Amino acid sequence: KLAFIAFFGNLFLEYYREKCAKNEEYRSQGVVVAFSVAYTFSAFIMSNLINPMWLDVFYMMPLVLYMLDRLIFDNKKFGYILCLAFMIWCNYYIAFMVCIFIVMWTVYRCFCGKCGAKPFVRMALCSLLGVGIDAAFLIPTVVELNGGPKDIFDLGLKLTKGNLNIFEVISISSIFLLLLIPSN
């Protein structure tokens, strides 16, 4: 799975380098290989090696971003919809986080790339269609988890009206990590 992550990361970076890199030092093959290896061996992916079922989303993410750029600039919808649907089918938990990144990536590519809001709307509609393809298994999963033993309302957690103490939210380890950050 790590080889797939490196391969698809390299393909996306190769595409992005050809399409977007204007500086000649960023156009070298060494930079693409270095960044694809850095993506493959990033701490987030390494920490998820204990859950190999989640690694599928990490090799799908560069492919989804490639198809997203084709959707934004070339108006090719089919590849993005299928890749997004497959990514959500592989693991909807991590794919939800990738979908948040997709929204941020689209805002960056559309509004910093000066192509306007129309591709953003196209991405939103195609994303809804990709999620709709997976609705056949997402809806029963939500229904099953809603009344299960880990339901948030059955555990007695009340997330409104100041019921959470600040010390319940911030752990001692978080405070310790904040103390380690050097101040300038």
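Refer to the preceding data block for the structure.
**Q** What should I look at first to understand the overall build of the chain in this one?
**A** Within the chain one finds 10 helices and 0 strands. When its helices and strands are written in sequence order, the chain yields α-α-α-α-α-α-α-α-α-α. Here the chain holds 184 residues, and the buried ones make up 30% of them. Look at the contacts in the chain between residues 6 or more apart in sequence, and 61% of them connect residues 24 or more apart. As displayed, the chain has an accessible area near 12200 Å², and 71% of this comes from carbon and sulfur atoms.

**Q** Please clarify how the nonpolar core should be interpreted in this entry.
**A** Generally speaking, soluble globular proteins have nonpolar side chains that are buried together. Counting residues in each nonpolar core, the largest one holds 33 residues, and the members touching the most others are Leu65, Leu68, Tyr80, Met87 and Ile102. Tallying contributions element by element places helix H4 (residues 55-74) first for this core, with 12 residues.

**Q** Which parts of the structure should I look at to understand the packing of helix H6 (residues 92-112) against helix H7 (residues 118-133)?
**A** The geometry of H6 relative to H7 is characterised by a closest axis approach of 9 Å and an angle of 160° between their N-to-C directions. By the angle class used here, H6 and H7 are roughly antiparallel. The handedness of the crossing between H6 and H7 comes out as right-handed. Residues Ile102, Val103, Thr106, Val107 and Cys110 of H6 lie in contact with H7, whose contacting residues are Pro119, Phe120 and Met123. In terms of residue class, the contact of H6 with H7 is made up of 7 nonpolar, 1 polar and no charged.

**Q** What should I look at first to understand H7 in this one?
**A** Here H7 spans 23 Å end to end across 16 residues, near enough to the 22 Å set by a 1.5 Å rise per residue. Every buried residue of H7 is accounted for by Pro119, Arg122, Met123, Cys126, Ser127 and Gly130. Along the axis of H7, the buried residues cluster in a sector spanning 135°; they form a single face. With respect to the buried face of H7, the exposed residues turned more than 90 degrees away are Lys118, Leu125 and Leu128. The inward-facing, buried residues of H7 abut H4, helix H5 (78-90) and H6.

**Q** In this structure, what is going on with the packing of H4 against H5? I would like to understand it.
**A** How two helices pack is summed up by the angle between their axes together with the distance between the axes. Packing of H4 against H5 leaves a shortest axis separation of 8 Å and a crossing angle of 160°. Relative to H5, the element H4 is oriented roughly antiparallel. As H4 runs across H5, the sense of the crossing is left-handed. Across the interface between the two elements, Asp56, Val57, Met60, Met61, Leu63, Val64, Met67, Leu68 and Leu71 of H4 pack against Gly79, Tyr80, Cys83, Leu84, Phe86, Met87 and Cys90 of H5. Here the contact of H4 with H5 is composed, by residue class, of 14 nonpolar, 1 polar and 1 charged.

**Q** Sorry if this is basic, but what is going on with unusual backbone geometry here?
**A** What you tend to see is this: most non-glycine residues have negative phi, and most peptide bonds are trans. Backbone geometry places Asn75, a non-glycine residue, at a positive phi of 60°. Here Asn75 shows up in the loop between H4 and H5.

Cut-off values and rules
Residues numbered from 1 in each chain as written. Predicted model: local features only at pLDDT ≥ 70, side-chain atom pairs only at ≥ 80, totals over all residues. Heavy atoms only, no water. Helix = DSSP H or I, 4+ residues; strand = E, 2+ residues; numbered from the N terminus. Buried < 20%, exposed > 50% of the residue type's maximum accessible area, 1.4 Å probe, protein only. Contact = heavy atoms within 4.5 Å. Areas by Shrake-Rupley, 256 points an atom, 1.4 Å probe, with all protein chains shown as cover. Core = buried A, V, L, I, M, F, W, Y, C linked by side-chain atoms within 4.5 Å. Axes fitted to C-alpha atoms, helices over the stretch in contact; angles between N-to-C directions. Parallel < 35°, antiparallel > 145°, perpendicular 65-115°, else oblique. Left-handed = near helix turned anticlockwise from the far one by under 90°. Nonpolar A, V, L, I, M, F, W, Y, C, P; charged D, E, K, R; others polar. Expected span 1.5 Å × (residues − 1). Arc of directions from axis to C-beta.

Without other data, these values stay purely geometric and don't point to any function.
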